[in-house]
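Observations on the three-dimensional arrangement
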Amino acid sequence: MTANPLYPVFLKLDQVPVLIVGAGPVGYEKLFFILKSSPNARITVVAIEVSAEVEELLQQYPHLEVRRRAYQPSDLEGNKLVIVATGIREMGVQIREEAHARNMLVNVADTPDLCDLYLGSIVTRGNLKVAISTNGQSPTFAKRFRQMLEEVLPEEIPDLLQHLKAVRDRLSGDFEDKVKQLNDLTAQLLETGPAPEQKTGSSSESSPETN
Ligand SMILES: C[C@@]1(CC(=O)O)c2cc3[nH]c(cc4nc(cc5[nH]c(cc(n2)[C@H]1CCC(=O)O)[C@@](C)(CC(=O)O)[C@@H]5CCC(=O)O)C(CC(=O)O)=C4CCC(=O)O)c(CCC(=O)O)c3CC(=O)O
Ligand SMILES: NC(=O)C1=CN([C@@H]2O[C@H](COP(=O)(O)OP(=O)(O)OC[C@H]3O[C@@H](n4cnc5c(N)ncnc54)[C@H](O)[C@@H]3O)[C@@H](O)[C@H]2O)C=CC1
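Because the structure is a prediction, the values reported are computed rather than measured.

On to the site of ligand 2, then. Lining the immediate surroundings of ligand 2 are 20 residues, of which Gly22, Gly24, Pro25, Val26 and Gly87 lie closest. Of all elements in the fold, only strand 1 (18-23), helix 1 (25-37) and strand 2 (43-50) reach the threshold of two or more residues within the shell around ligand 2. For the shell around ligand 2, the class distribution of residues is 12 nonpolar, 5 polar and 3 charged.

An order of 3-2-1-4-5 is seen for the 5 strands of this open sheet, with the pairing classed as parallel. If you trace the sheet from one side to the other, it starts and ends with strand 3 (65-67) and strand 5 (105-108), each paired once. Going across the sheet, the axis of each strand differs from the next one's by a mean of 20°, ignoring polarity.

Okay, the pairing of strand 1 next. Look at any regular strand and the pattern is simple: side chains alternate between the two faces of the sheet. With respect to burial, strand 1 is a largely interior element, 6 of its 6 residues being buried. With 5 bridges joining them, strand 1 and strand 2 adopt parallel strand pairing. In the strand pairing of strand 2, alanine 23 is matched with valine 50. Handedness of the crossover joining strand 1 and strand 2 through helix 1: right-handed. Pairing of strand 1 with strand 4 (residues 81-84) involves 4 bridges; the strand directions are parallel. Looking at strand 4, one finds that leucine 19 is bridged to valine 82.

Next up on the list: the UniProt feature "domain: Siroheme synthase central" (unreviewed entry) in the protein. Look at the UniProt record and you will see "domain: Siroheme synthase central" (unreviewed entry) annotated at residues 125-150. Secondary structure content for residues 125-150 is 46% helix and 23% strand, and the end C-alpha separation is 8 Å.

Definitions and limits used
Residues numbered from 1 in each chain as written. Chains lettered and ligands numbered in written order. Predicted model: local features only at pLDDT ≥ 70, side-chain atom pairs only at ≥ 80, totals over all residues. Near = placed C-beta within 6 Å. Helix = DSSP H or I, 4+ residues; strand = E, 2+ residues; numbered from the N terminus. Nonpolar A, V, L, I, M, F, W, Y, C, P; charged D, E, K, R; others polar. Pairing = 2+ DSSP bridges. Axes fitted to C-alpha atoms, helices over the stretch in contact; angles between N-to-C directions. Buried ≥ 20, exposed ≤ 12 C-beta atoms within 10 Å, placed from the backbone. Right-handed = clockwise from strand over helix to strand, strands pointing away. UniProt positions renumbered as here; feature names shortened; annotations may be inferred.

In structure tokens:
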């Protein structure tokens, strides 16, 4: 049994519409980081009062929809994920139930026991994206670790990835040949020296490296 069973995925938020309930400081934090990572996210915000910070984001991202009124269950319609940031626990409990009845996923911000998923800290370098979680233990550590990675990740990563993609598109031969060539080409990225002898797709114990 593992003590940290969270499984990260990378959502295409232009195809997975999100409802955010609440537009105070916490709603702002969630909205800000989602848009920083996914500016094309399809988001609807519903809130009785919209903070000045959230108003600014709504102006910057005119494709977002805002409903300036109390939440009603019909707000869930058409959405696949709901983030509740009202600061009122009972609302989190109620919206969670209504969302689950519609087979939606739920994040009640800052309330781990009501969450199906946690939002993480995110570092982006071109096409490389790193998501960080502390399994809810210390969001501040997640934030600091993100800032540390932002400092140390080389600026050249986007160019390197573009180059590797171009090489990958040009490779000929069968799957096993391609895997070997790509592993040889990238072996020097590991300071430990050449890659160990490769297992290839034909093995019944296919290494994750080959996938
Ligand atoms: C479980 C989780 C559920 C969820 O909200 O998704 C959760 C829960 C809670 N957060 C709380 C507080 C704070 N959260 C932040 C910041 C972030 N919180 C985020 C995620 C998560 N927060 C999920 C787990 C992530 C993980 O696994 O590590 C980040 C990473 C992503 C994002 O928000 O987009 C974003 C950083 C983004 C970035 O900078 O990169 C700060 C720091 C700050 O604001 O400067 C503080 C104040 C300081 C502190 O408490 O650490 C509290 C106490 C509330 C209270 O006391 O009232 C709870 C409840 C509890 O712990 O019980
Ligand atoms: N965790 C964090 O990152 C931060 C936390 N804070 C602190 O956390 C406190 C709480 O902040 P929030 O949770 O954002 O609460 P809040 O009370 O500031 O905002 C709640 C939001 O939910 C809306 N709302 C409430 N009931 C609603 C309903 N029935 N239908 C629709 N909308 C509804 C309100 O109109 C408002 O937009 C702040 O006062 C601040 O002290 C401050 C900054 C960052």
